[in-house]
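# Residue-level structural notes
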Amino acid sequence: MSTLESTPGADGEHHTYCRLCEAQCGLIASVSDGKITKVSPNRDHPVSRGHLCVKAPGMLEVTYDPDRVLTPLKRIGGPGEFAPCTWDEALEDIAHRLTTITETHGGDSLAAYIGNPAAFATMHYAYGYTFTSLFGSQKRYNAMQVDTGARVLASDLVFGNAALTPFPDLPDTDFLMIFGGNPVISKMSLICAPRHLQQLDAISKRGGVIVVDPRCTETAERFEHQPINPDSDAWLLTAMLKTMVELDLIDAEATDRVNGWPSLRGWLDSVDMTLATERCGIEAAAIERLARRFCAADSAVCYARLGANRGTFSTLANVLMDAINLCTGNFGKAGGSLIGQSPFQPENSPSVAERHGARRSRIGDLPLVSGINPAGEIADDILTPGQGQLRAFFVDCGNPVLSHPDEEKMRAALNSLELLVCLDFYANETAQYAHYILPTPTFYERSDINDLWAANAPEPWLHAVEAVIEPRGASRHEWQIYGDIAKRAGKPAPTNALLGDLDPTSEIAPPLAIADSALTQGPLAEKGMSIGKLLMEHPGGYRISERMSPQHSMAHVNTDDGKPQIWNDTIAAECKRLSHSKSEHNPSELKLFGRRQLSSMNSWMHNSPRLSRSLKPTLLMHPVDAGNRQISDGQSVSVRSKTGDVDVTVELSSSVVEGSVCYPHGFGHSGGWQRANALGGVNINRLASAEVGDFEPISGQILLDGIPVEVRPSSIPAAS
Ligand SMILES: Nc1nc2c(c(=O)[nH]1)N[C@H]1C(S)=C(S)[C@@H](COP(=O)(O)OP(=O)(O)OC[C@H]3O[C@@H](n4cnc5c(=O)[nH]c(N)nc54)[C@H](O)[C@@H]3O)O[C@H]1N2
Ligand SMILES: Nc1nc2c(c(=O)[nH]1)N[C@H]1C(S)=C(S)[C@@H](COP(=O)(O)OP(=O)(O)OC[C@H]3O[C@@H](n4cnc5c(=O)[nH]c(N)nc54)[C@H](O)[C@@H]3O)O[C@H]1N2
Ligand code: SF4
Ligand SMILES: [Mo]
């Protein structure tokens, strides 16, 4: 065990970890004269063992960015017109306005949107939503319906447990099918496996890694690519399962351990295989080869991420994927699909997430998934009068103007709010409409533990760290800001509300104290594990066990009889909807889908010189589609959907399947970040629809991959 500096800001080397993506790589940060000068990979970290990507050092440029907001800002005119103010002035005014609005219009006139980075900050969602509930609001928004809502709903339907998502047991599996994920770039999603590349290489040698994707991605190039038409994974998964039945490859004992196999099988019998292969664009012979290879492997697993999560039948795609894993005997076994045990939950505890449809949304009457309102409704919730109309909005760690559909409508809605408060270290596009921007620290300025993710690691670990430096400028932690506003409104601090009276003499920050309380009631209690012990004795990370035990998987199933359920009324209705869906193929239309880039992080790391240098947002288009439209490489084109249109530069590439085009999200900046604004490109979400009728009805998931568009040569020079 190495002993490094642990006092924030002290010169020397500090243990820390990166809080940008699920890999959460262990790092060593060097501090000199109170400033972080360098971050290096921690080769002694028990799991990441020296892994790191360009973004962790890039975060240093974010931390010391001259465009960073370091003092509270108050709106003094139109959007984007701000002047510095004191914390007292900001907090007092916000508390007063919040009280007036919620007392006059009811609790649900207030809501918070808590964005992606909060997933890596200890207890952030818990205390953030507790804050709004103290004012009587039950309305919660986050990035779920542009990300993982379909997966969360599938977990609720199949496992009766929306709180935990299954993940592939990478160290042991012999055959992996990745549907719509690009781990070489994203570093794996919903699974924490910083050494995933070595693990994927090993799987490929043992059996195979198949990348099902409409683009031959960086991951597909390294392994085996199975091209697919955008928004058609449910058809491929249906065809695979049907083929497994017909070839008698299903494990009869495994089907006894689930509920509903005969009904699902009955539906599969009725599916027209020709239709299925046409829709996904994959021949029956190729599907048969995949089915045979999957079932011949000692252990095999299907894993689906974003590309299979933002389509028309994404919940069903996830259910079918679970059904394949379950009915081939690959759930809850080493090398299969696992549900893990969190060290912050008592062993085998039932789900805590709200069940599907327990409440419905105000605008579209959609059933809520895990108690989260469909964020595609945010703009209409603000713009539509009536009981519960959203009037006071907190955006914390988010940028819905760029990350959510229909930018125009979102801007108009935000501009009409009675109160918008943004907690961020940048004046991003959303924050331009804020009445107050409240500056917060970056993760290098914060103590944390990897609480939310510890259950989703095949090689489970805990890492508790102190802040490397104190918060810069006047920035304050989110929990402090919420606590101070609540106090001024005569309410308890949300962290206190969660934990009762916190020990005022405790040296650990309240979010860590809440995590500590959970940890000391979890399965590691018998080892005497606590945050204090982790900080003192395991500052570079603590490996909980060699491997996540497969035994936990079944124990977390929370259905009435403890069996996973692959058929019920909701699933049956989705199967029927799929069978009856019409092919809306219009030969002049192309299907638009997205891509991520290694040195880009959603909408917000584009102001870093180091990261943005190589970014080039272009529209990838197949040469055949371009030829049909007299479009050449580098040309400016207009891309039009039913929602909007944008002008972009085309890059001809046979990496994308014919009939599709591909553009990265998070560009088209116009916020308080100069380099990002100069980067060019467009916000592709101008083309995505925020109309409820276009969402997946059962999950509220927004159609982001497979948007029908027309592409034509443009006379207007593109923004990139
Ligand atoms: N460098 C970097 N890393 C990141 C992020 C980032 O912005 N940059 N974001 C982080 C976040 S918030 C998340 S949620 C994760 C996401 O992690 P991933 O899901 O691995 O991320 P993507 O690269 O978006 O991969 C989605 C893939 O789906 C494909 N696809 C699109 N449509 C379809 C379809 O209809 N069917 C199939 N089968 N495939 C399709 C796309 O071509 C793409 O390759 O990444 C995280 N990591
Ligand atoms: N078309 C299309 N749209 C997409 C996607 C896509 O693939 N295609 N991906 C979707 C996905 S998966 C996601 S997760 C969403 C993300 O969407 P959002 O969560 O809405 O936003 P981000 O772009 O992640 O921006 C995060 C903001 O939080 C700030 N921030 C960073 N760290 C902290 C912190 O510690 N504290 C505070 N207070 N603020 C912080 C950043 O400065 C930035 O302004 O985008 C989604 N939108
Ligand atoms: S892979 Fe990169 S972004 Fe993800 S945790 Fe590691 S260093 Fe951070
Ligand atoms: Mo995400």
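Structure first, text after, so check above.
Residues numbered from 1 in each chain as written. Chains lettered and ligands numbered in written order. Predicted model: local features only at pLDDT ≥ 70, side-chain atom pairs only at ≥ 80, totals over all residues. Heavy atoms only, no water.

Turning our attention to the packing of aromatic side chains. On inspection of all chains with the given rule, the structure shows 14 aromatic pairs. Centroid distance Tyr426 to Trp673: 4.8 Å. Interplanar angle 50°. Geometry classified as tilted. In this pair, Tyr426 sits in the loop between strand S15 (419-423) and strand S16 (436-438) while Trp673 sits in the loop between strand S25 (660-662) and helix H25 (674-677), placing the two residues 247 residues apart along the sequence. The two residues Tyr426 and Trp673 agree in class, both being buried. Ring centres of Phe443 and Tyr444 lie 4.5 Å apart, and the angle between their planes is 55°; on these two criteria the pair is classed as tilted. The buried category is assigned to Tyr444, whose relative accessible area is 0%. An aromatic cluster is defined as three or more aromatic residues linked by ring pairs; in this entry it consists of Tyr127, Phe131, Phe135, Phe394 and Tyr482. Directly above the aromatic system of Phe135 lies the positively charged group of Lys491, at a separation of 5.1 Å from the ring centroid. (Phe/Tyr/Trp six-rings, centres within 6.5 Å; stacked < 30°, edge-to-face > 60°. Helix = DSSP H or I, 4+ residues; strand = E, 2+ residues; numbered from the N terminus. Buried < 20%, exposed > 50% of the residue type's maximum accessible area, 1.4 Å probe, protein only. Lys NZ or Arg CZ within 6 Å of the ring centre and 35° of its normal.)

Before going further, it helps to examine the pairing of strand S10 (residues 208-212). Taken across its five residues, S10 has five buried, putting it largely inside the fold. Burial along S10 is two-sided: Gly208, Ile210 and Val212 and Val209 and Val211, pointing in opposite directions, are all buried. Judged from the five bridges that link them, strand S9 (residues 175-179) and S10 form a sheet pairing that is parallel. The partner of Met177 across the bridge, within S10, is Ile210. Across three bridges, S10 lies against strand S11 (residues 224-226) in parallel orientation. For Ile210, the partnering residue across the bridge sits in S11 and is Glu224. (Pairing = 2+ DSSP bridges.)

Let's shift gears to the site of ligand 3. In the vicinity of ligand 3, the contacting residues are Cys18, Leu20, Cys21, Ala23, Gln24, Cys25, His51, Cys53, Lys55, Ala56 and Lys187. Here the shell around ligand 3 is built from residues that sort into seven nonpolar, two polar and two charged. (Near = heavy atom within 4 Å. Nonpolar A, V, L, I, M, F, W, Y, C, P; charged D, E, K, R; others polar.)

All right, on to the site of ligand 2 then. Around ligand 2 there are 30 residues in total, and Tyr113, Asp424, Glu478, Ser603 and Asn685 lie nearest to it. Within the backbone of Asn399, an N or O atom sits 3.0 Å from an oxygen atom of ligand 2. Between ligand 2 and Ser603, the relevant distance is 2.6 Å, taken from an oxygen atom to a side-chain nitrogen or oxygen of the residue. For ligand 2, whose unbound accessible area comes to 920 Å², protein coverage reaches 97%. (Polar contact = N/O pair within 3.5 Å; in protein donor to acceptor, adjacent residues only side chain to side chain. Areas by Shrake-Rupley, 256 points an atom, 1.4 Å probe, with all protein chains shown as cover.)

Another aspect to go through is the sheet that holds S25. Overall, mixed pairing links the six strands, which are arranged S21-S25-S22-S24-S23-S26 in a closed barrel. Recorded for the sheet is a direction-independent mean angle of 45° between the axes of neighbouring strands. With three bridges joining them, strand S21 (residues 590-593) and S25 adopt parallel strand pairing. The residue bridging Lys591 from the neighbouring strand is Ser660, located in S25. (Axes fitted to C-alpha atoms, helices over the stretch in contact; angles between N-to-C directions.)

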